[in-house]
Structures are given as C-alpha cells and as structure tokens.
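# Survey of secondary and tertiary structure
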Amino acid sequence: MPAQAYTGKECVCQLRRGVCDQSCVEGMLETRFYIACLRLTGRRCVVVGGGEIGLEKVEGLLACDADVTLVAPEAHPELAQLALEGSLLWQQREYRSDDLDGALIVIAATSDTDVNIAVFEDAEERAMLVNVVDVPPLCNFILPAIVRTGPLAIAISTAGASPALAKRMKREISELFGEPYAALAVLLNEARGWAKANLPTYRDRKEFFEEIVNGEPDPVALLRQGRVEAVRELIAEAMRPHAPA
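Here, residues in each chain are numbered from 1, in the same order as that chain's written sequence. Only residues with pLDDT of 70 or above have their local features reported here, since the model is predicted, and side-chain atom pairs are shown and tallied only from 80 upward, although totals for entire chains, interfaces and linings are computed over all residues. As a rule here, side-chain values come from all non-hydrogen atoms in the structure, and water together with hydrogens is ignored.

Of the regular secondary structure elements, the chain holds nine helices and seven strands. Only heavy atoms enter the contact rule, under which two residues are in contact if any of them lie within 4.5 Å. A sequence separation of at least 24 residues applies to 51% of the contacts in the chain between residues at least 6 apart. Working definition of accessibility: Shrake-Rupley area with a 1.4 Å probe, residue cover restricted to the visible protein chains. Accessible area of the chain: about 14500 Å², with a carbon and sulfur share of 52%. Numbering of helices and strands runs from the N terminus; a helix is a DSSP stretch of H or I covering at least four residues, while a strand is a stretch of E covering at least two.

If you want it as structure tokens, here you go:
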C-alpha cells in the first residue's frame with residue numbers, strides 16, 4: 001500500500017503520531033535502495049503473521065530454500081499444512097523478541113501495530129533485515145515485484161509509490177523477457193566452466209560471452225524458433241579460436 005494511503009488515519013508506525021501526518025515517509029521516493037539478490041538456502045527466516053499475506057511471504061521464502069519459521073497463534077490452512085509436512089517450523093503462539101535470534105530476515109504480516117513495531121525495533125537492535133508489510137517506515141528493505149523465469153529474476157520497484165504500476169510493469173516485462181532468455185541463461189551457464197579454464201582474464205571472458213549474446217545470428221531469436229542446437233553451435237563456434245593448439 002502506498003504510504004500516502006495512511007494520511008489522516010491512525011498512525012501505524014514507530015513515531016506514534018496518533019493520526020498519520022506522513023512525517024515518517026518524507027523523502028521516501030528519493031531513497032536510493034541498494035539492490036541485491038540474497039542466497040537464502042539454509043538461512044533462518046522468520047514470518048510473523050499467519051494470514052493470506054503471511055502465506056504469500058512464506059511461499060516466496062520457501063521457493064528460495066530458506067529455513068522458515070512462522071510465528072502466529074493461528075494460521076491459514078495452507079500454512080498449517082506446510083508445517084504438518086515439515087516444510088516450515090510453526091511457533092503456534094504470540095510473537096516474542098527471541099524469535100529473531102539467529103535469523104537473517106524477518107517479515108511481519110500482521111494487522112497489529114504494536115506487534116509490527118516490536119518486530120521492527122527488535123530487528124533493528126540485531127542489525128537484521130526487516131520488512132513490515134504495507135508499512136514502509138517499518139522496513140529497512142523492500143520486497144519488489146519479481147518476474148521469475150527459470151534462472152532469471154527481474155526485480156521491479158516503485159519505492160512504494162504505486163504497486164499497481166509495478167504490477168503492470170511485471171506483466172509487460174514477463175511478456176518481453178520470457179522463456180527464450182531463461183533458456184539462453186542456462187546454455188551460457190553450461191559454458192562458464194570452459195571459459196574459466198580457457199580464458200585467463202575477466203576481460204577475455206566478458207568479451208567471449210558478449211560475442212555470443214550480441215552476435216549474429218541472434219541467439220534469442222533462434223531460441224524463439226525452438227532452435228536450441230543452433231545456439232549450442234554458436235557457443236561452440238565462439239570457443240574454437242580459444243581451443244588448445
């Protein structure tokens with residue numbers, strides 16, 4: 001939800017203004033976010049709140065092989081099923097500060113302002129990543145809209161200004177950069193080991209892959225035609241000048 005939607009309503013952030021006066025988000029659109037892709041495999045991540053939004057956040061973390069702990073007195077049936085099958089650990093109770101011990105990320109998806117503020121403050125004390133859903137001032141990182149196709153992931157952020165715009169961009173980007181690009185990423189990854197073994201410098205490897213990606217015939221156009229073997233031949237042709245004598 002855009003921060004402006006809270007104007008004149010009950011304050012839901014740590015400033016406790018009573019009625020929201022937007023002072024907590026002044027300059028938010030000018031904030032420069034450092035974009036990073038996190039490797040979450042085996043890392044402990046906590047979701048506080050067991051509703052539909054909590055389910056969405058849990059599914060996103062599980063998709064990245066995170067070790068997920070859910071904290072909620074009650075949970076959506078799908079979350080309960082995930083706990084039953086062992087895909088996550090469900091702490092079936094109210095949130096406690098020590099729930100964050102050893103965690104990399106916490107996402108709060110509750111409608112309880114006091115709980116959200118407590119999660120944010122506890123996380124800040126630990127210098128860990130925290131996102132309180134739909135409350136920008138209670139976040140030190142944001143969750144952009146993600147387009148995923150195979151190994152490709154494209155993040156879209158409007159800094160909270162317009163989720164509707166981000167949704168449209170996600171749809172259009174998904175149509176533009178679809179399966180052919182993901183397939184090309186897989187084929188290029190297959191050549192990485194060879195490149196490291198045979199091309200001595202970063203510049204050499206960079207030029208090798210750029211020659212393939214930007215060359216003629218266009219590998220993406222070939223993949224759109226289903227010509228995977230033709231792209232493999234393009235890669236093999238680029239390798240030949242560098243083959244040992």
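There's more to say after this.
Tracing the backbone through its elements, the reader meets V186 in helix α5 (residues 179–190). Exposure is judged per residue with a 1.4 Å probe applied to protein chains only, and the accessible area is read against the type maximum: over 50% gives exposed, under 20% gives buried, and values in between give partly exposed. Classification of V186 as partly exposed rests on a relative accessible area of 38%.

Moving on, we come to the pattern of salt bridges. Salt bridges are identified by distance alone: a Lys or Arg side-chain nitrogen within 4 Å of an Asp or Glu carboxyl oxygen. Applying the stated rule across the entire model yields 11 salt bridges. With a shortest N-O distance of 3.1 Å, K206 and E210 are connected by a salt bridge. With a gap of four residues between them, K206 and E210 both fall in helix α7 (residues 202–213), about one helical turn apart. According to the relative accessible area criterion, E210 is partly exposed, its value standing at 37%. With its nearest N and O atoms 3.0 Å apart, the salt bridge here joins R240 to E233. If you follow the salt bridges from partner to partner, you end up with E190, E229 and R232 in one network.

One can describe the packing of α5 onto helix α9 (residues 228–239) by two numbers: an axis separation of 11 Å at closest approach and a directional angle of 40°. Handedness of the crossing formed by α5 with α9: right-handed. Between α5, through L184, L187, L188 and E190, and α9, the contact on the second element is made entirely by V228, V231, R232 and I235. Of the residues belonging to the contact of α5 with α9, the class tally is six nonpolar, no polar and two charged. What counts as an axis is a line fitted to C-alpha atoms, over the stretch in contact for a helix, and the angles between N-to-C directions run from 0 to 180 degrees. If you view the pair so one helix is near and one far, a crossing is left-handed when the near helix is turned anticlockwise from the far one by less than a right angle, and right-handed when it is turned clockwise. Residue polarity is assigned by list, with Asp, Glu, Lys and Arg as charged and Ala, Val, Leu, Ile, Met, Phe, Trp, Tyr, Cys and Pro as nonpolar; anything else, Gly included, falls into the polar class.

The way it works is a 1 Å grid over only the protein atoms, where trapped points that fit a 1.4 Å probe form a cavity and open points with protein on both sides within 12 Å along at least five of seven lines form a pocket, and then any residue with an atom within 4 Å of a point lines it. Grid points are joined across faces, edges and corners, and a volume is the space filled by probe spheres set on the points. Reported here for the second largest pocket is a volume of approximately 430 Å³. Lining the second largest pocket are 24 residues; nearest its centre among them are A109, T110, S111, D112 and N116. Here the element with the most residues in the lining of the second largest pocket is helix α3 (residues 113–125); it accounts for three residues. Its residues assigned to classes, the lining of the second largest pocket shows 13 nonpolar, seven polar and four charged.

A few words on the pairing of strand β5 (residues 129–132). Side-chain positions along a regular strand alternate between the two faces of the sheet. Bridge count between strand β4 (residues 105–108) and β5: four bridges; the pairing is parallel. Its bridge partner lying in β5, I107 is registered against N131. Whether two strands pair comes down to DSSP finding at least two bridges between them.

Bringing the state of the cysteines into the picture now. Note on terminology: a disulfide is the covalent bond linking the sulfur atoms of two cysteines. Disulfides are defined in this document as cysteine sulfur pairs within 2.5 Å. The tally for this structure, following the rule as stated, stands at zero disulfides. In this structure C45 is a free cysteine whose sulfur lies 8.9 Å from that of C64, the closest cysteine sulfur available. Residue classification places C45 among the buried positions, given a relative accessible area of 0%.

Attention now moves to the sheet that holds β4. Reading across from one edge, β3-β2-β1-β4-β5 is the order of the five strands in this open sheet, with parallel pairing throughout. Looking at strand neighbours, the two that pair on one side only are β3 (89–91) and β5, the edges of this open sheet. Within the sheet, the average angular offset between the axes of one strand and its neighbour, ignoring direction, is 15°. Helix α1 (residues 52–63) contacts β1 (44–48), β2 (67–71) and β4 of the sheet and is inclined by roughly 170° relative to β1. Strands β1, β4 and β5 of the sheet are contacted by α3, whose axis makes an angle of about 165° with β5.

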